[in-house]
Amino acid sequence: MFQKASLTESDIYHLLSNTRRREALTQLWRASTEMTLRELSEEIASAESGTNPAPRPLRESVYNALHQTHLPKLAECGLVEYDPDRKLVRSSPDGRYLRRYMDTVTPAGITWGEYYRGLGIGGLFLVVAAHAEVPVFATVDPLLFASGTLALFALSTVYQLYRGTTGSLTTLRGAIARRL
């Protein structure tokens, strides 16, 4: 059994390279208690198909893949607690640190991290341009640009929290693939 400290970054990216494992972790993090394997497989199948309920063959495929492969692998690494006899699974407290490896996508199609970095760079550009008295920007008080950027940060954060970043996590397959 792996311990949190013994999982290398390569191990983590290997574990997260599979869509069903990422979605399983996401669903388990969202659940307040343990889930049955059937509930988990139905949630994942619905996310994959975009329909609720998902087609029966897909639900069965997800159920079997979770039971035979994905949940035992995640349990072996200490990321979930899985009882294959009772078919119950829940998130392990040690597994929550993996969230930093999974980024969510905004409605605009970029990650929240990219959005906030862009917002910060844009706000900094506006403040510096106003201080440097660049035409057009010099007509606006730099404090207004700084306040506007901070307000946009605050509104974006409220929106992100309201929307729920753990709900339907869409991970960056490309970023994971580049690291493999």
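Relevant structure appears above.
Residues numbered from 1 in each chain as written. Predicted model: local features only at pLDDT ≥ 70, side-chain atom pairs only at ≥ 80, totals over all residues. Heavy atoms only, no water.

**Quick look at the environment of Ile121**
Then comes step 1: When you line up the elements, Ile121 lands in helix H5 (residues 112-131).
Then comes step 2: Between the C-alpha atom of Ile121 and that of Thr149, which follows or precedes it by 28 residues, the distance is 9.9 Å. (Helix = DSSP H or I, 4+ residues; strand = E, 2+ residues; numbered from the N terminus.)

**Considerations on the side chain of Thr149**
Then comes step 1: Note that Thr149 resides in helix H6 (residues 142-163).
Then comes step 2: Of the residues examined, Thr149 reaches a relative accessible area of 12% and is grouped as buried.
Then comes step 3: One polar contact links the side chain of Thr149 to the main-chain carbonyl oxygen of Phe145, over a distance of 2.9 Å.
Then comes step 4: Here Thr149 is in contact with Leu119 and Gly123, once residues within four sequence places are set aside. (Buried < 20%, exposed > 50% of the residue type's maximum accessible area, 1.4 Å probe, protein only. Polar contact = N/O pair within 3.5 Å; in protein donor to acceptor, adjacent residues only side chain to side chain. Contact = heavy atoms within 4.5 Å.)

**Describing the packing of aromatic side chains**
Then comes step 1: For the structure shown, the criterion picks out seven aromatic pairs.
Then comes step 2: With 5.5 Å between their ring centres and 85° between their planes, Trp112 and Tyr115 make a pair best called edge-to-face. Here Trp112 pairs with Tyr115, and both are found in helix H5, just three residues apart, close to one helical turn.
Then comes step 3: Through a chain of ring-to-ring contacts, three or more aromatic side chains come together here, namely Trp112, Tyr115, Tyr116, Phe153 and Tyr159. (Phe/Tyr/Trp six-rings, centres within 6.5 Å; stacked < 30°, edge-to-face > 60°.)

**Some points on the packing of helix H3 (residues 37-49) against helix H4 (residues 56-76)**
Then comes step 1: Two elements in contact, H3 and H4, have axes whose closest approach is 8 Å; the angle formed by their N-to-C orientations is 120°. With respect to H4, the element H3 is oriented oblique. As for how H3 packs across H4, the hand of that crossing is right-handed. Contacts from Leu37, Arg38, Leu40, Ser41, Glu42, Ile44, Ala45, Glu48 and Ser49 in H3 reach Leu58, Arg59, Val62, Tyr63, Leu66, His67 and Leu71 in H4.
Then comes step 2: Residues that form the contact of H3 with H4 fall into these classes: nine nonpolar, three polar and four charged. (Axes fitted to C-alpha atoms, helices over the stretch in contact; angles between N-to-C directions. Parallel < 35°, antiparallel > 145°, perpendicular 65-115°, else oblique. Left-handed = near helix turned anticlockwise from the far one by under 90°. Nonpolar A, V, L, I, M, F, W, Y, C, P; charged D, E, K, R; others polar.)

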